[in-house]
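In case you want the letters, here they are:
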Amino acid sequence: MHKDSSQRASVLQHVSHNVRRLRHAADMSQTALAEKSGVSRRMLVAIEAGEKNVSLTTLDRVAEALDVAFSDLIQAPDARDTSRINEVAWAGVIPGSKAVLLSKATATREVEQWEWCLQPGEVYPSQPDADGWSEQIYVFEGCLTLTVGDVTNTIASGEFFMFASNQPHGYRNDGPVAVRFVRNVVI
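Residues numbered from 1 in each chain as written. Predicted model: local features only at pLDDT ≥ 70, side-chain atom pairs only at ≥ 80, totals over all residues. Heavy atoms only, no water.

## Overview of the sheet that holds strand 4 (residues 123-126)
At step 1: Here we have 4 strands laid out as an open sheet, ordered 4-9-6-7, and antiparallel in their pairing. With partners counted over all chains shown, the strands left at the sheet margins are strand 4 and strand 7 (151-156), one partner each. Put simply, the sheet's adjacent strands are angled 15° from each other on average, direction ignored.
At step 2: For strand 6 (residues 143-148) and strand 9 (residues 169-172), the ladder comprises 4 bridges, and the chain directions are antiparallel. Each residue of the ladder has a partner; that of Thr145, found in strand 9, is Arg172. (Pairing = 2+ DSSP bridges. Helix = DSSP H or I, 4+ residues; strand = E, 2+ residues; numbered from the N terminus. Axes fitted to C-alpha atoms, helices over the stretch in contact; angles between N-to-C directions.)

Right, dumping it as structure tokens:
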């Protein structure tokens, strides 16, 4: 992880706070966490101090040792909606290269990933899914109109939305250009 932007610094602060908080909650010393994760104690000290760029692999190992999800390490500690992460988890050397963890959901069986394209005027009505199912939508081109029950949501390019899909819902393109989006169905 890189410290060169303010967003990057805030994620390093989140990681620092969360690793320390979760380690204390697990009643583990830094030495015990180092042994369990295979990450050096020196690296853990630097992570908890917010001074160290950390690879995604290292964070995965720390999360596994703490028996938490990767997202629990990078999420803002005061997040109101714990399923909505929206944090840069990796930034490349070349400006603009990044990986953003948008959201998380608990799945009981599987997750389906769909790529959708709706041309202007196209409508797709959907029947309610089973209880416990949810959808995660990320629009990468155009603007999607999503109805969930009686509520209409407008999701612009670069935005995402999550909802329990056990209610009537539908997708439509009210715009002048094609809308393209990724739809994850969490079963």
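## Here's the deal with the pattern of salt bridges
At step 1: All chains considered together, the criterion is met by 5 salt bridges.
At step 2: For Lys104, the salt bridge is made with Asp72, and the minimal N-O distance between the two is 2.8 Å. Taken as a pair, Lys104 in the loop between strand 2 (98-103) and strand 3 (111-118) and Asp72 in helix 5 (residues 70-74) lie far apart in primary sequence, 32 residues in all.
At step 3: The partly exposed category is assigned to Lys104, whose relative accessible area is 25%.
At step 4: Among the ionic pairs, Arg180 bridges to Glu115, the shortest N-O distance being 2.4 Å. With Arg180 in strand 10 (residues 179-186) and Glu115 in strand 3, the pair connects residues that are 65 residues apart, well separated along the chain.
At step 5: Given a relative accessible area of 55%, Glu115 falls into the exposed group. (Salt bridge = Lys/Arg side-chain N within 4 Å of Asp/Glu carboxyl O. Buried < 20%, exposed > 50% of the residue type's maximum accessible area, 1.4 Å probe, protein only.)

## Structural notes on the packing of aromatic side chains
At step 1: Enumeration over the complete set of coordinates arrives at 7 aromatic pairs.
At step 2: Their ring planes at 65° and their centres at 4.9 Å tell us that Trp116 and Tyr124 sit as a pair that is edge-to-face.
At step 3: Using a relative accessible area of 13% as the deciding quantity, one classes Trp116 as buried.
At step 4: Residue classification places Tyr124 among the partly exposed positions, given a relative accessible area of 36%. (Phe/Tyr/Trp six-rings, centres within 6.5 Å; stacked < 30°, edge-to-face > 60°.)

## Re the side chain of Ser103
At step 1: With respect to the secondary-structure elements, Ser103 resides in strand 2.
At step 2: Residue classification places Ser103 among the buried residues on the basis of a relative accessible area of 16%.
At step 3: In terms of polar contacts, Ser103 uses its side chain to reach the side chain of Gln136, at 3.3 Å.
At step 4: In contact with Ser103, not counting residues within four places along its chain, are Ser83, Arg84, Ile85, Gln136, Phe160 and Met162. (Polar contact = N/O pair within 3.5 Å; in protein donor to acceptor, adjacent residues only side chain to side chain. Contact = heavy atoms within 4.5 Å.)

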